[in-house]
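# Descriptive structure summary
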Amino acid sequence: MTKQLLLLPGDGIGPEVTGQVRRVLDALDLDIETGEALFGGAAIDAEGVPVSDETVARALAADAVLMGAVGGPKWANQPYDKRPEAGLLRLREAMNVYANLRPARCFSALADASSLKRELVEGLDIMFVRELVGGVYFGKPRGIEELPDGERRGLNTHQYTTSEIRRVARAAFDLAKGRSGRVCSVEKSNVMEAGLLWREEVQRLRDQEYPDIELSHMLADNCAMQLVKNPKQFDTILTDNLFGDMLSDEAAMLTGSLGLLPSAALGEPGKPGLYEPIHGSAPDIAGQGLANPAAAILSLAMAVRHSFGDERAAGRIERAVEAAIEGGTRTRDIGGEATTEQMGSAIVQSL
Ligand code: ATP
Ligand code: MG
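Thresholds, definitions, all that
Residues numbered from 1 in each chain as written. Chains lettered and ligands numbered in written order. Predicted model: local features only at pLDDT ≥ 70, side-chain atom pairs only at ≥ 80, totals over all residues. UniProt positions renumbered as here; feature names shortened; annotations may be inferred. Helix = DSSP H or I, 4+ residues; strand = E, 2+ residues; numbered from the N terminus. Contact = placed C-beta atoms within 7 Å. Domains from an automatic or database assignment. Nonpolar A, V, L, I, M, F, W, Y, C, P; charged D, E, K, R; others polar. Expected span 1.5 Å × (residues − 1). Buried ≥ 20, exposed ≤ 12 C-beta atoms within 10 Å, placed from the backbone.

Bringing the UniProt feature "binding site: substrate" (unreviewed entry) in the protein into the picture now. Within the UniProt annotation, "binding site: substrate" (unreviewed entry) is assigned to R92, R102, R130 and D221. A maximum C-alpha distance of 28.1 Å shows the annotated residues, which cover 130 residues in sequence, to be distributed over more than one spot. By the secondary structure assignment, R92 is in helix α4 (residues 84-95). Setting aside chain neighbours within four positions, we find R92 in contact with V97, L132, V133, A265 and L274. In this fold, D221 is placed in helix α8 (residues 220-229).

On to the domain arrangement of the protein, then. The domain boundaries assigned to the protein delineate domain 1 (1-98 + 267-351) and domain 2 (101-262). Distance between the C-alpha centres of domain 1 and domain 2: 24 Å. With 22 residues of domain 1 at the interface, the matching set in domain 2 holds 19 residues. When residues of the side of domain 1 that touches domain 2 are traced back to their parent elements, those giving at least two are α4, β12 (273-277), α10 (294-306) and α11 (311-326). Residue contributions to the side of domain 1 that touches domain 2 peak at five residues, all from α10. Grouping the constituent residues of the side of domain 1 that touches domain 2 by class yields 11 nonpolar, six polar and five charged.

To continue, consider helix α6 (residues 162-177). Under the 1.5 Å per step criterion, the end-to-end length of α6 is 22 Å for 16 residues, consistent within 8% with the ideal 22 Å. The complete set of buried residues in α6 reads E164, I165, V168, A169, A171, A172, F173 and A176. Lining the buried residues of α6 we find β4 (99-105), β5 (125-131), β8 (182-187), α7 (193-209), β10 (236-239) and β11 (262-266).

Okay, here's the thing in structure tokens:
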């Protein structure tokens, strides 16, 4: 059956990198129908809102949504609902994408660009599964309160329910089955109640339904340390919204470049996933043909794997990106002089 892909090029380098995604799609010749909509600042300028109701409806009706990047200085000081990032949060919420997949893979040809020594990162292949729609970023009560005697108090609530924990743990276990079967669950169960519940529920789900998964638990501070000490010990890391935010950024630096890292956000099985490169809109290089399109193209590979169920085509895209880099075509962020277009061409050639 024809799969529907909605492209949201967005702002800054977003349209440049999604342009290369289109070229890869054309070269692959899969049964995919592609639509496009304005998003972020581009949508604010044209439609008055960062994401229109119509775009949200089209996203929900698609099989997958691929976003380029949102934001930029032009919209930075606007009220919240006129900011590009508000569109992304609204879309994530509407799509209920609670499992954020962030691979940290080190391309052998680029291992010297890592923050660590080559021996420590060569062959590195970690998959983060970060809870994306709960925890301390969303928990209520929250706010800044006036206290008597002129003090003020900032308040956030770190909370998880069993069903929120179980659904993201399930996503991690299902994913790990297609990898090494090893999952490390990360929290602070020694000092946080939500962390203690997290550890218990993850272990319970493993014991009830996933006997073949090799599950370990680690405290988040130790995980931060282990990631720079011996990162190759990890395969799949399952963690909450807060720790996942930080630890996946830490791991990104082990792989060398922002321009190479894709991500996926998945909801209930069968519902559309939201895919995007982890980099931002890069206003400093936008419109100059300098952006590395690899992260966006690798995000397409994730969409093809997780939303279209085509492992073979996903692997083809990933190998083509790796081959292009190994063949020496590199944009400036990974130490070369190739343009966005030339990088795209090299990847299409390798396909
Ligand atoms: P955001 O707040 O939107 O996440 P950010 O402040 O984290 O943005 P990015 O937009 O990701 O920043 O850019 C950080 C730096 O990395 C910039 O110097 C940018 O030029 C560079 N960069 C980001 N993405 C790419 C890419 N695809 N190719 C080359 N350089 C990139
Ligand atoms: Mg950023």
